[in-house]
Amino acid sequence: PPSPPPLPPPPSAPPSPLPPSPPPPLPPPSLPPYPPPPSVPLPPSPPPPSPPLNCPCLTAYPANVSLVSDELQVVVDGVSLAYPDTYGLHECGQHDSGLEPSCNSTEYPGWCEHEWCYVDPAACNTEYSPTAYVVGATLHYSYRACGFSNEFESWFYQSPPSPPAASQARGFYLVDPPSGPPQCDPCPPNANCAAFNTTLATLGVPRGYWRASLSSAVLTECRSFGGDNNAGERRCAGSDPVGGDHSSGRTLHEVSADYNETGYCAIGFTGPECQLCDASNHYLVDGDTCRECAAVGLAMGRLAGVALGLCAACALLAWAYSMQSWRHRRYIGAALRLTDRFVAWCVAIGLQAKAKILLGFYQVVIVLSTTYSARLPEKYTGWTDKLSGAVSVDWSGILLPSQCVNFSLRLLTIALSPVGLIALLLLIGVLVRIRRWQTAPERPRFSAAVRSGILDLTPSGLILIFCFVPSVSASIFRSWSCKAYVVSPPYASFEQISYMRQDASVQCDTAEHDSITTIAIFLIFLWPFGSLALFTLLLIPCHKALSTSTPTDLSRAASFLHREYEVRWYWWEALDLLRKIILTGVVVLIPEKRSFVRLVLATLICSCYTVGLAVATPFKRIEDDVLAVAINLVLLLMFLGASWTTLFDAIEESCEGKAESILGWGSSDVIVISMSILVGFALALFLIGAVLAARRVAKIKTIRLKKTKQAPELTLAKGLTWHLFNSH
């Protein structure tokens, strides 16, 4: 403001002598020459100029926010809602106007009509606040950037009209620690604390979630169990209102009155994560449907019928293929000749070794989520779950679901049915040999006929054992695999309750569970240790026959175990079987709470085995060596990726938003995509190496069979020493 005009000079006075005193001090230069009258106040000094407002609105969501059907998925007070894909973007606007849960009623709060937008904290010089409404990221919003004050926060955290002793803010719940007075804590992850006076017992549980106890603050998302992505929400009703009004959550007691005594489960479901059918003699199908069980006798009859049917079909096919005269017939002859060409092609490319490598790889991969409790995004593993049944060969799972028969009987069926099938095959071979022995003009010893019958079908038995061992061993060791749920309250000693993963009706560490593990110990000696001992006992006697190139009946019968390996590495199949047994079963003996140690152990085993393959090159064909190293390198990368995604999710659950700063990845999807690119690069590199190696080997001049393009395996009959090669 301008300075007041100067006052007129005082009137002149007669001169008078001045007293001997110092002259008065001069006023500051910035003040007028004379002080203003008392009636005129001094004007205030102007405030310093504020910097210009610079806080632009975001034009797009971060990369870790994914839209579903062109809608933004948000979670408000534990309730999942779908908002427009432009919510909070591009410009200041009334983005909440008309949206549920608070702005779609007639008496909505004033902030619903205020303008705001999402902003970048690094590029905003005014007031902003974080929000976790958007699924997949923590965004920041600002009312001040749009010229409004943030009345939303004061509304959200307002206290209800209640006595001061019981007052409690939204978004918090009352906790009663073992020592000390009650206190208000922020709402647990995924819980609903929108209601005032929320306590630990009355926490709102959203639809699709479940908790093991009223004293637990840990909510578990219900899995799909073979259904679609919404199967868990249909089973686990939580404490959401039935009519779809998400403005307030209901407590466990209200849900119990409407659903069932277990709470959190929809009608007809019970148990952990509501995965059990409430009705007796029913089992879960497609993640959200209960179906009545078939009679146990009928199911066992079907199981026996399937086994006998497979044996009969295989026997008929083998008999028809052995009929050389049929190859000249019109219809069946064409099929047999085509089969001959296919068999010749399989032999030429060495398909047996490649199929064993690929099948062994998949037998390990399918147990990542079950045996290792690896947290892999479902959208990347859904296709493997659908194919796992075809490789796991769990007969009982098809005809004897877990809720239709107790797990002890089911485990015995899983372990003994393959044994019965193999014994049946060997019995058929013995009966065929005995039949030939009876019609032979000169009968050899009866024991020789029985021995020949067993050796005839030993290759088929070894193939079945190779296919069954990993899956059966995994089922046996899963008797110790339990899913743990927290039941202890916050600030108390940590307590959990565990249920078997294979049968959620069985609580772990109980008498019923102890009886199951006793049976499993017996079956371990039958399958994992028994099959490993069988392979070893069959291979040891073959060493002399293989090293001297003098095949015997036993070495021919056991050729499935050593045919594709170099002579000095003839025992490699037993080593590979030991690796698969450890990776698919033995690691389950590590307690569930240390499941990350399982991944670390598997990573070490895969590392050592891959290096061993690269150094030893045990296969006869160089392309098989390259394929084996490449596949095991991919397996190693998958275990590393599973370790990182599991670690990422664990950190994110403990400290939301800290995983990216610790590990450097923004989401588990980024980890999976990065590992997929790395796996693809590794496979491409090894494919190029295999082609170059095969071309280099092909240039080496040596005698090869036209049929297989490989060096002939020159064996000697008993009593012979030399081979003779006639070039012309």
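Everything numeric in this text was worked out from a predicted model, so none of it was measured.

**A closer look at the pattern of salt bridges**
Alright, step 1. For the structure on display, the rule yields 15 salt bridges.
Alright, step 2. Its salt-bridge partner being Glu-273, residue Arg-223 comes within 3.0 Å of it at the nearest N-O pair. Of this pair, Arg-223 sits in the loop between β9 (220–221) and α2 (231–235) while Glu-273 sits in the loop between β10 (269–270) and β11 (276–277); the two residues are 50 residues apart in sequence, bridging distant segments of the chain.
Alright, step 3. One salt bridge in this structure joins Asp-553 and Arg-556, with 3.6 Å as the shortest N-O distance. Highlighted residues: Asp-553 and Arg-556, both in helix α16 (residues 553–557), separated by three residues, approximately one helical turn.
Alright, step 4. Assessed through its relative accessible area of 45%, Asp-553 is described here as partly exposed.
Alright, step 5. One network of salt bridges, with partners in common, ties together Lys-354, Arg-621, Glu-623 and Asp-624.

**With respect to the confidence of the model for the protein**
Alright, step 1. Averaged over all residues, the pLDDT of the protein is 78; the fraction at 70 or higher stands at 82%.
Alright, step 2. Note on residues 241–262: pLDDT is under 50 here. Beyond four places in sequence and across chains, it has 44 contacts.
Alright, step 3. In the predicted structure, residues 389–393 sits below a pLDDT of 50 and forms six contacts with residues beyond four places in sequence or in another chain.

**A word on the nonpolar core**
Alright, step 1. Grouped together as the largest cluster of nonpolar side chains are 39 residues, with contacts concentrated most on Leu-462, Val-472, Ile-476, Trp-527 and Leu-561.
Alright, step 2. Of all the secondary-structure elements, those providing two or more residues to this core are α4 (296–322), α10 (407–439), α12 (458–477), α13 (511–526), α14 (528–539), α17 (559–562) and α18 (572–584).
Alright, step 3. Counting 37 residues, the second largest nonpolar core, distinct from the first, contains Tyr-565, Ala-602, Ala-628 and Met-675.

**Side note on the packing of aromatic side chains**
Alright, step 1. For the structure shown, the criterion picks out 21 aromatic pairs.
Alright, step 2. Here Tyr-87 and Tyr-118 contribute two aromatic rings whose centre-to-centre distance is 6.1 Å and whose plane-to-plane angle is 70°, an arrangement assigned as edge-to-face. A residue pair is termed long-range when its members are at least 10 positions apart, and Tyr-87 in the loop between β2 (79–84) and β3 (117–119) and Tyr-118 in strand β3 qualify at 31 residues.
Alright, step 3. With a centroid separation of 5.1 Å and 80° between ring planes, the pair formed by Trp-116 and Tyr-118 is classed as edge-to-face. Considered together, Trp-116 and Tyr-118 belong to a single accessibility category, that of buried residues.

**Notes on empty space enclosed by the protein**
Alright, step 1. Inspection of the entire model under this criterion finds three cavities of 30 Å³ or more.
Alright, step 2. Estimated volume of the largest cavity: approximately 180 Å³.
Alright, step 3. Those elements that provide at least two residues to the lining of the largest cavity are α6 (351–365), α18, α19 (595–616) and α20 (622–654).
Alright, step 4. In terms of residue count, the dominant contributor to the lining of the largest cavity is α6 (five residues).
Alright, step 5. Broken down by class, the residue content of the lining of the largest cavity amounts to twelve nonpolar, two polar and five charged.

**Concerning the sheet that holds strand β4 (residues 129–131)**
Alright, step 1. Spatially, the three strands line up as an open sheet ordered β3-β5-β4, and their pairing is antiparallel. Only two strands of the sheet have a single partner each, and these edge strands are β3 and β4. When the angles between neighbouring strand axes are averaged without regard to direction, this sheet yields 50°.
Alright, step 2. Relative to strand β5 (residues 139–142), β3 runs antiparallel, the two being bridged by three bridges. The residue of β5 that forms the bridge with Tyr-118 is Tyr-141.

**Considerations on the pairing of strand β6 (residues 172–175)**
Alright, step 1. Going residue by residue along β6, you find Tyr-173 and Val-175 tucked away on one face and Phe-172 and Leu-174 left uncovered on the opposite face.
Alright, step 2. Two strands pair when backbone bridges link them, and β6 and strand β7 (residues 183–186) are joined in this way by four bridges, in the antiparallel orientation. Looking at the pairing, Val-175 lines up with Gln-183 of β7.

**Here we look at unusual backbone geometry**
Both trends apply: most residues other than glycine have a negative phi, and most peptide bonds are in trans.
Alright, step 1. A positive phi is found at Asp-286, a non-glycine position, where the angle reads about 55°.
Alright, step 2. Within the secondary structure layout, Asp-286 lies in the loop between β12 (282–285) and β13 (289–292).
Alright, step 3. We note that Tyr-491 has phi near 70°; this positive angle belongs to a residue other than glycine.
Alright, step 4. Among the secondary structure elements, Tyr-491 is positioned in the loop between β14 (482–486) and β15 (496–500).

What counts and how
- Residues numbered from 1 in each chain as written.
- Predicted model: local features only at pLDDT ≥ 70, side-chain atom pairs only at ≥ 80, totals over all residues.
- Heavy atoms only, no water.
- Salt bridge = Lys/Arg side-chain N within 4 Å of Asp/Glu carboxyl O.
- Helix = DSSP H or I, 4+ residues; strand = E, 2+ residues; numbered from the N terminus.
- Buried < 20%, exposed > 50% of the residue type's maximum accessible area, 1.4 Å probe, protein only.
- pLDDT = per-residue confidence, 0-100.
- Contact = heavy atoms within 4.5 Å.
- Core = buried A, V, L, I, M, F, W, Y, C linked by side-chain atoms within 4.5 Å.
- Phe/Tyr/Trp six-rings, centres within 6.5 Å; stacked < 30°, edge-to-face > 60°.
- 1 Å grid on protein atoms, 1.4 Å probe; cavity = no way out; pocket = protein on both sides within 12 Å on 5 of 7 lines; lining within 4 Å.
- Points joined across faces, edges and corners; volume = space filled by probe spheres on them.
- Nonpolar A, V, L, I, M, F, W, Y, C, P; charged D, E, K, R; others polar.
- Pairing = 2+ DSSP bridges.
- Axes fitted to C-alpha atoms, helices over the stretch in contact; angles between N-to-C directions.

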